[in-house]
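# Survey of secondary and tertiary structure
Residues per chain are reported as follows:
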Amino acid sequence: MRETAKQLTNETMKKDKEGNTKITTKDIVGVGMFAAVLAVLSQISIPMPSGVPITLQTFAVALAGVVLAWKLGTASVLVYILLGAVGVPVFAGFTGGAQALVNYTGGFIWGFLGMALLCGIGVQMKNKIAGILLGTAGLAVCHLFGTIQFMVVMKMGLVESFLLASAPYLIKDVISVVLGFVVGGQIRTRLLKAGLL
């Protein structure tokens, strides 16, 4: 466990000559690019009776975490959320504004932060199956946030909220996380070989 933590720190923290953490142009481009990917894939949306649409957001979040690792992947999701919060129509259905973060689907958006973080940690693990399981745990965090906020806003019970807002999407979302690791792992490997990460 200590070795994994040391590896995470070494791979994600760049230091300048004085020992200060620095942000590179490549970091900024990567974060912006994956915030844009998340915004685009959020628009591929199928409305559902519960009001929670089927989107490719979970795939995009997993992809960002896997390609950029935990620090930059989480930063790209945070940029996406901040863009949406100030009114840029980046959320599903070309919506934006702070109200989207506090309505009945907003918990899923907040949960993307935990999902990107755990997918990013998972990709750096030596055991790939354990990494995917950690990414799936991130998906569970996302669904937990989403279900709880849905329950509070809609004034429903926990089980009813889970059955409406989470359960119908679980299989698609687990497949999205696995595909995020497969596709993202390939992209990450190529970007690392090219010196772009």
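Look up: the structure comes first, before these words.
This report concerns the structure included in the present document. These figures come from a predicted structure and were not determined experimentally.

Following the sequence through the fold, S176 ends up in helix α8 (residues 170-193). Under the relative-accessibility criterion, S176 is labelled buried at 6%. Leaving out residues up to four positions away in the same chain, S176 has contacts with T58, F59 and A62.

Of all hydrophobic cores here, the largest spans 38 residues; its most connected members are V61, V77, Y80, F91, F112 and M115. Within the residue set of this core, elements represented by two or more residues are α2 (25-42), α3 (57-85), α4 (99-102), α5 (106-123), α6 (128-154) and α8.

Here we come to a nonpolar patch on the surface. A cluster of nonpolar side chains, W110, L144, F145, I148, V152, V153, M154 and L158, forms an exposed patch at the surface whose accessible area comes to about 710 Å². For the nonpolar patch, the element with the most residues is α6, which contributes 6 residues. Tracing the sequence through the fold places I148 in helix α6. Owing to a relative accessible area of 37%, I148 belongs among the partly exposed residues under this scheme.

The next point concerns the environment of M115. On the secondary structure map, M115 appears in helix α5. In the structure, M115 is positioned 51 residues away from A64 in sequence and 10.0 Å away in space, judged by C-alpha atoms. Setting aside residues up to four positions removed in sequence, M115 forms contacts with T58, V61, A62, G138, L139, C142 and V177.

Turning our eyes to something else, we now look at unusual backbone geometry. Of note in the backbone geometry, A69 takes a positive phi value of approximately 70° without being a glycine. Locating A69 in the fold gives a position in helix α3. Even without being glycine, K155 reaches a positive phi, approximately 55°. Relative to the assigned elements, K155 resides in the loop between α6 and α7 (158-165). When its relative accessible area of 75% is taken as the criterion, K155 is described as exposed.

Here we come to the pattern of salt bridges. Scanning the entire structure with this criterion turns up 1 salt bridge. A salt bridge links D173 to K172; the shortest N-O distance between them is 2.6 Å. Taking the relative accessible area as the measure of exposure, D173 reaches 4% and is therefore buried.

Contact pair α5 / α8: the axes reach a minimum separation of 11 Å and the direction vectors enclose 55°. What the angle tells us is that α5 and α8 run oblique. Crossing angle aside, the handedness with which α5 passes α8 is right-handed. Note on element contacts: α8 touches α5 through V177, F181 and R188, opposite M115, C119, G122 and V123.

With that settled, the discussion passes to the packing of aromatic side chains. What the rule picks out here adds up to 2 aromatic pairs. When the centroid spacing of 6.0 Å and the interplanar angle of 85° are considered together, the rings of Y104 and F150 count as edge-to-face. Taken as a pair, Y104 in the loop between α4 and α5 and F150 in helix α6 lie far apart in primary sequence, 46 residues in all. Given the relative accessible area of 28%, Y104 is considered partly exposed.

A few words now on α3. End to end, α3 covers just 16 Å across 29 residues, shorter than the expected 42 Å (1.5 Å per residue, more than 12% under). At A69, α3 shows its largest kink, close to 135°. Across the 29 residues that make up α3, a large majority, 21, are buried. Positive phi appears at G87, one or two residues downstream of α3, with a value of about 110°.

Thresholds applied
Residues numbered from 1 in each chain as written. Predicted model: local features only at pLDDT ≥ 70, side-chain atom pairs only at ≥ 80, totals over all residues. Heavy atoms only, no water. Helix = DSSP H or I, 4+ residues; strand = E, 2+ residues; numbered from the N terminus. Buried < 20%, exposed > 50% of the residue type's maximum accessible area, 1.4 Å probe, protein only. Contact = heavy atoms within 4.5 Å. Core = buried A, V, L, I, M, F, W, Y, C linked by side-chain atoms within 4.5 Å. Patch = residues over 30% accessible without salt bridge, like charges linked within 9 Å, V, L, I, M, F, W, Y side chains within 5 Å. Areas by Shrake-Rupley, 256 points an atom, 1.4 Å probe, with all protein chains shown as cover. Salt bridge = Lys/Arg side-chain N within 4 Å of Asp/Glu carboxyl O. Axes fitted to C-alpha atoms, helices over the stretch in contact; angles between N-to-C directions. Parallel < 35°, antiparallel > 145°, perpendicular 65-115°, else oblique. Left-handed = near helix turned anticlockwise from the far one by under 90°. Phe/Tyr/Trp six-rings, centres within 6.5 Å; stacked < 30°, edge-to-face > 60°. Expected span 1.5 Å × (residues − 1). Bend = angle between axes of the 7 residues up to and from the residue.

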